[in-house]
Amino acid sequence: MFPVQAKSHLTPRLMTMPVARQYCSNCGGDCVVLLVSREAEKTKLLIAVQKQKVIEKEAETERKKAIIGELLALMVTHLPKILLFLTNTTKFLVKNVIPVFVNVF
């Protein structure tokens, strides 16, 4: 590793990266050339990690959609029973319970 020499074609951010001394195609001289392959590998790794997270989130979403679909199917299947229960309960309340409270007060 060599200290970076300031050249006009190198940006300040790039001058802080690991470097090695090689022939430079930009200025034609013997100046510092950036070793960007390490940074590229880091970037590829970060991209791969993020892709894996996206895949996991999509799988979790699909599982949740499946559960919701099953619950909706159960609700639709049992809806007539629920409505009958509510209707009978309401009739019972109107016929037996409400008159008792009306007479008490």
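Residues numbered from 1 in each chain as written. Predicted model: local features only at pLDDT ≥ 70, side-chain atom pairs only at ≥ 80, totals over all residues. Heavy atoms only, no water.

Asks: Looking at this structure, how should I read the overall build of the chain?
Replies: The secondary structure content of the chain amounts to one helix and two strands. The N-to-C order of helical and strand elements in the chain reads β-β-α. Here the chain holds 105 residues, and 8% of them are scored as buried. Taking as baseline every contact in the chain between residues at least 6 positions apart, the subset at least 24 positions apart corresponds to 10%. A total of about 9,000 Å² of accessible surface is found on the chain, and carbon and sulfur atoms cover 68% of it. (Helix = DSSP H or I, 4+ residues; strand = E, 2+ residues; numbered from the N terminus. Buried < 20%, exposed > 50% of the residue type's maximum accessible area, 1.4 Å probe, protein only. Contact = heavy atoms within 4.5 Å. Areas by Shrake-Rupley, 256 points an atom, 1.4 Å probe, with all protein chains shown as cover.)

Asks: I'm lost on the confidence of the model for the chain in this one. Help?
Replies: Averaged over all residues, the pLDDT of the chain is 76; the fraction at 70 or higher stands at 64%. Confidence, read as mean pLDDT per element, is least for strand 2 (residues 30-34) in the chain (51) and greatest for helix 1 (residues 36-104) (89). (pLDDT = per-residue confidence, 0-100.)

Asks: Mind showing me how you'd approach a nonpolar patch on the surface here?
Replies: Taken together, the side chains of Leu79, Ile82, Leu83, Phe85 and Leu86 make up a nonpolar region of the molecular surface, amounting to roughly 480 Å² of accessible area. Of the residues examined, Ile82 reaches a relative accessible area of 42% and is grouped as partly exposed. (Patch = residues over 30% accessible without salt bridge, like charges linked within 9 Å, V, L, I, M, F, W, Y side chains within 5 Å. Salt bridge = Lys/Arg side-chain N within 4 Å of Asp/Glu carboxyl O.)

Asks: Please explain the pattern of salt bridges as it appears in this structure.
Replies: Here the idea is simple: oppositely charged side chains can pair when their charged atoms come close. Within the structure shown, the criterion is met by two salt bridges. Taking the shortest distance from any N to any O, the salt bridge between Glu41 and Lys44 comes out at 3.9 Å. Placement of both Glu41 and Lys44 in helix 1 is noted, with a separation of three residues, approximately one turn of the helix. Take Lys44: its relative accessible area is 54%, and that puts it in the exposed class. For Lys64, the salt bridge goes to Glu60, with nearest N and O atoms at 3.3 Å. Taken together, the residues Lys64 and Glu60, both in helix 1 and four residues apart, mark about one turn of the helix.

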